[in-house]
Amino acid sequence: MSNIELVEKARQALEAAYAVYSGFPVGAACLWSSGLITLGCNIENASYGLTMCAERVALFTGVAQGERHLRALAVAVVGAEFAVPCGACLQVLAEWATELPICLAKGSGELRVTYLQELLPVVFKIDGIK
């Protein structure tokens, strides 16, 4: 699957975003080694700490379906700037992939590819796990 196709899936997920507090909808699409694509959107809550990011929604959906090997992630926003996953999302993503390409898309349609290890060069790990 191409980056453009994966971004299109993330843009579809963006349409379901519940971003009533920030006004910043985000869509994400995870591509798993099985070929499955899982989608997520940000889901905000009046208690801001309970808000869930699009990236984690897409990832957790795949894990709940039995997936364990993440191949790529796309993140789409409607804004004029690229939006990278937050620190919490990066740490969670690192549990499921070590070398993860992340395709970012902004509202203009412009794409940029980065990598998990560039955004989070030092990952928290518990010795003996994974």
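Refer to the structure above for everything that follows.
Please read these numbers as outputs of a predicted model, since none were measured by experiment.

**Here's the deal with the nonpolar core**
Counting residues in each nonpolar core, the largest one holds 23 residues, and the members touching the most others are L59, L70, L73, L100 and I102. For this core, the secondary structure elements donating two or more residues are β1 (26–32), α2 (54–64), β3 (70–77), α3 (87–94) and β4 (101–105). Sequence-distant contacts of L70, defined by excluding residues within four places in its chain, comprise C30, L31, W32, L59, L93, W96, A97 and L100. In terms of nonpolar packing, the next biggest core, distinct from the first, is built from eleven residues, V7, A10, L31 and C103 among them.

**Some points on the packing of aromatic side chains**
Within the structure shown, the criterion is met by one aromatic pair. For the ring pair Y21 and Y48, a centre distance of 5.9 Å and an interplane angle of 75° mean the geometry is edge-to-face. One end of the pair, Y21, is in the loop between α1 (3–14) and β1; the other, Y48, is in the loop between β2 (37–41) and α2, and 27 residues separate them in sequence. It is K106 that lies over the ring of F82; its NZ or CZ is 4.8 Å from the centre.

**Some points on α2**
Along α2, eight of the eleven residues are buried, which leaves the element largely enclosed by surrounding structure. Taken residue by residue, α2 has A54, E55, R56, V57, A58, L59, G62 and V63 as its buried positions. At its buried positions, α2 is contacted by β1, β2, β3 and α3. Remark: G66 follows α2 within two positions and exhibits a positive phi of approximately 95°.

**Some words on the sheet that holds β4**
Within a sheet, each strand pairs with its neighbour through backbone hydrogen bonds, oriented either parallel or antiparallel. Taken together, five strands build an open sheet; the order of strands is β2-β1-β3-β4-β5 and the sheet is mixed. A strand with exactly one partner marks an edge of an open sheet, and here the two such strands are β2 and β5 (111–115). Going across the sheet, the axis of each strand differs from the next one's by a mean of 20°, ignoring polarity. Against the sheet, α1 contacts β1, β2, β3, β4 and β5, and its axis sits at roughly 55° relative to β3.

**Brief notes about the packing of α2 against α3**
At a minimum axis distance of 9 Å, the contact between α2 and α3 shows a crossing angle of 20°. Taken as axis vectors, α2 and α3 run roughly parallel relative to one another. For the crossing formed where α2 meets α3, the hand is left-handed. Contacts between α2 and α3 involve E55, R56, L59 and F60 from the first element and A88, C89, V92 and L93 from the second. Residue composition of the contact of α2 with α3, grouped by class: six nonpolar, no polar and two charged.

Reading the values: rules and limits
- Residues numbered from 1 in each chain as written.
- Predicted model: local features only at pLDDT ≥ 70, side-chain atom pairs only at ≥ 80, totals over all residues.
- Heavy atoms only, no water.
- Core = buried A, V, L, I, M, F, W, Y, C linked by side-chain atoms within 4.5 Å.
- Buried < 20%, exposed > 50% of the residue type's maximum accessible area, 1.4 Å probe, protein only.
- Helix = DSSP H or I, 4+ residues; strand = E, 2+ residues; numbered from the N terminus.
- Contact = heavy atoms within 4.5 Å.
- Phe/Tyr/Trp six-rings, centres within 6.5 Å; stacked < 30°, edge-to-face > 60°.
- Lys NZ or Arg CZ within 6 Å of the ring centre and 35° of its normal.
- Pairing = 2+ DSSP bridges.
- Axes fitted to C-alpha atoms, helices over the stretch in contact; angles between N-to-C directions.
- Parallel < 35°, antiparallel > 145°, perpendicular 65-115°, else oblique.
- Left-handed = near helix turned anticlockwise from the far one by under 90°.
- Nonpolar A, V, L, I, M, F, W, Y, C, P; charged D, E, K, R; others polar.

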